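# Residue-level structural notes
The chain contents come next:
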Amino acid sequence: TGYYEPIVQGSRFPSPEFPVPLYRRPRDLEAQGYKPGSSGFPNSKTVPIGRRNDKGEIVPYPDRGQIEAGALDGQRLEICWVRDWFEALSIQIQGSARIILEDGVVLRINYDSFNGHQYSAIGRVLVERKEIPRDEMSMQRIRDWMKVNPNKAAEVRATNRSFVFFRITGLD
């Protein structure tokens, strides 16, 4: 696969045009053996990642469906907002993006961490459910399908329980 850094329009504030947040790493997200807030957060399936419960044990962090339904609301983790959940998912898959804000400032974000859940390809789910024929599968076809099927789209996105968090980086 080739590396691609999406360039999208966005906003510093939520609006009807830009309702979908891109989040920074939550303060309560931890990886076993790493200090909270550590800059060297692991991207590993072998290190338990989650949040601590009342007993101090690491338990699973909310998954994509829970986060899209508002599990992080009120924590002030939003870096910026983009047009739709497909755009946010595409940025998460690539691991970085350049967001052109409403005043023309370009904000670059990069992968910082993830919620610890396994990644699942939604394209595969759409093929298995016979929503999109295998020979027509592409990112544009997924985008088009999600636009026409917004209620089913949320459920399909939720099959990919993994969710990526970002940090702001410089342009270079």
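A few points on the structure. Keep in mind the model is a prediction, meaning the values are calculated, not measured. (Residues numbered from 1 in each chain as written. Predicted model: local features only at pLDDT ≥ 70, side-chain atom pairs only at ≥ 80, totals over all residues. Heavy atoms only, no water.)

### Points about the nonpolar core
Where we set the bar: Among buried residues, those of type Ala, Val, Leu, Ile, Met, Phe, Trp, Tyr and Cys that are joined through side-chain atoms within 4.5 Å constitute a nonpolar core. Remark: exposure states derive from per-residue accessible area (1.4 Å probe, protein chains only) relative to the maximum for the residue type, with buried under 20%, exposed over 50%, and partly exposed in between. The numbering of helices and of strands both runs from the N terminus, where a helix is a DSSP run of H or I of at least 4 residues and a strand a run of E of at least 2. Contacts are residue-level and defined by heavy atoms, with any inter-residue pair within 4.5 Å sufficient.
Counting residues in hydrophobic clusters, the biggest one holds 29 residues, and the most contacted among them are Leu22, Val82, Ile91, Ile99, Ile109 and Phe165. Mapped onto this core, the elements with two or more residues apiece are strand E2 (20-23), strand E6 (78-82), helix H2 (85-94), strand E7 (96-100), strand E8 (106-114) and strand E9 (164-169). Residues in contact with Val82, not counting those within four places in the same chain, are Val8, Gln9, Glu17, Phe18, Pro19, Val20, Leu22, Glu87, Ala88, Ile91 and Ile99.

### Structural notes on the environment of Arg129
With respect to the helices and strands, Arg129 occurs in the loop between helix H3 (122-128) and helix H4 (139-148). For the pair Arg129 and Val156, spaced 27 residues apart in sequence, the C-alpha separation works out to 9.8 Å. Non-local contacts of Arg129, meaning those with residues more than four positions away in its chain, are made with Glu155, Val156 and Thr159.

### So, helix H5 (residues 150-158)
As a reminder of what qualifies: Taken from the helix axis, the directions to the C-beta atoms give the arc we talk about.
For H5, the complete set of buried residues consists of Ala153, Val156 and Arg157. The arc that holds the buried residues of H5, viewed along the axis, is 100°, so those residues lie on one side. Looking at the buried positions of H5, the neighbouring elements they touch are helix H1 (64-68), H2, H3 and H4.

### Focus: the environment of Ile91
Examined against the element boundaries, Ile91 turns out to sit in helix H2. Look past the residues within four positions of Ile91 in its chain and what remains in contact with it is Pro6, Val8, Leu22, Val82, Ser96, Ala97, Ile99, Ile109 and Phe166.

### What to know about the side chain of Asn115
Defined as follows: The definition of a polar contact used here is a pair of N or O atoms within 3.5 Å, where within protein one atom must be able to donate a hydrogen and the other to accept one, and adjacent residues in sequence count solely through side-chain atom pairs.
Among the secondary structure elements, Asn115 is positioned in the loop between E8 and H3. Side-chain polar atoms of Asn115 contact the backbone oxygen of Pro62, separated by 3.0 Å. Among the polar contacts listed, one links the side chain of Asn115 to the backbone oxygen of Arg161, at a separation of 3.0 Å. In this view, Asn115 contacts Leu29, Ile49, Tyr61, Pro62, Asp63, Arg64, Ile67, Arg161, Ser162, Phe163 and Phe165; residues no more than four positions away in its chain are not counted.

### With respect to the sheet that holds E7
Keep this limit in mind: Only when DSSP finds a minimum of two bridges between them are two strands counted as paired. Only the contacting stretch of a helix is used when fitting its axis, a line to C-alpha atoms as for every element, and angles between N-to-C directions run 0 to 180 degrees.
Read across the open sheet, the 4 strands follow the order E1-E7-E8-E9; overall the sheet is mixed. Strands with a single pairing partner mark the edges of an open sheet, and in this sheet they are strand E1 (7-9) and E9. Neighbouring strand axes in the sheet, compared pairwise and without regard to direction, differ in orientation by 35° on average.

### Describing the pairing of E6
For E6, a buried count of 4 out of 5 residues is recorded, marking the element as mostly surrounded by other parts of the structure. Note: E2 against E6, 4 bridges, orientation antiparallel. Paired with Val20 across the strands is Val82, a residue of E6.

### Considering the packing of H4 against H5
Selection rule: Put simply, angles under 35 degrees are roughly parallel, angles over 145 are roughly antiparallel, angles from 65 to 115 are roughly perpendicular, and the rest are oblique. Nonpolar residues are Ala, Val, Leu, Ile, Met, Phe, Trp, Tyr, Cys and Pro. Charged residues are Asp, Glu, Lys and Arg, and all others, Gly as well, are polar.
One can describe the packing of H4 onto H5 by two numbers: an axis separation of 5 Å at closest approach and a directional angle of 125°. Relative to H5, the element H4 lies oblique. Contacts from Trp145, Met146, Lys147 and Val148 of H4 reach H5 at Pro150, Lys152, Ala153, Val156 and Arg157. Looking at the contact of H4 with H5, its residues break down into 6 nonpolar, no polar and 3 charged.

### What about H2?
The buried fraction of H2 amounts to 8 of the 10 residues, a majority that puts the element mostly inside the structure. Turning to H2, its buried residues number three or more, namely Trp85, Phe86, Glu87, Ala88, Leu89, Ser90, Ile91 and Gln92. Measuring from the backbone nitrogen of Phe86 back to the side-chain oxygen at the start of H2 gives 3.1 Å, which picks out Asp84 as the cap. Looking one or two residues past H2, Gly95 carries a phi angle of roughly 90°, positive in sign.

### Observations regarding the pattern of salt bridges
What counts, and what does not: By definition, a salt bridge exists where a carboxyl oxygen of Asp or Glu is found within 4 Å of a side-chain nitrogen of Lys or Arg.
Evaluation of the coordinates by the stated rule reveals 16 salt bridges. Across the salt bridge formed by Asp28 and Arg51, the nearest N and O atoms sit 3.0 Å from each other. With Asp28 in the loop between E2 and strand E3 (30-31) and Arg51 in strand E4 (residues 49-52), the pair connects residues that are 23 residues apart, well separated along the chain. Residues participating in the shared-partner salt-bridge network are Glu5, Arg98 and Arg108.

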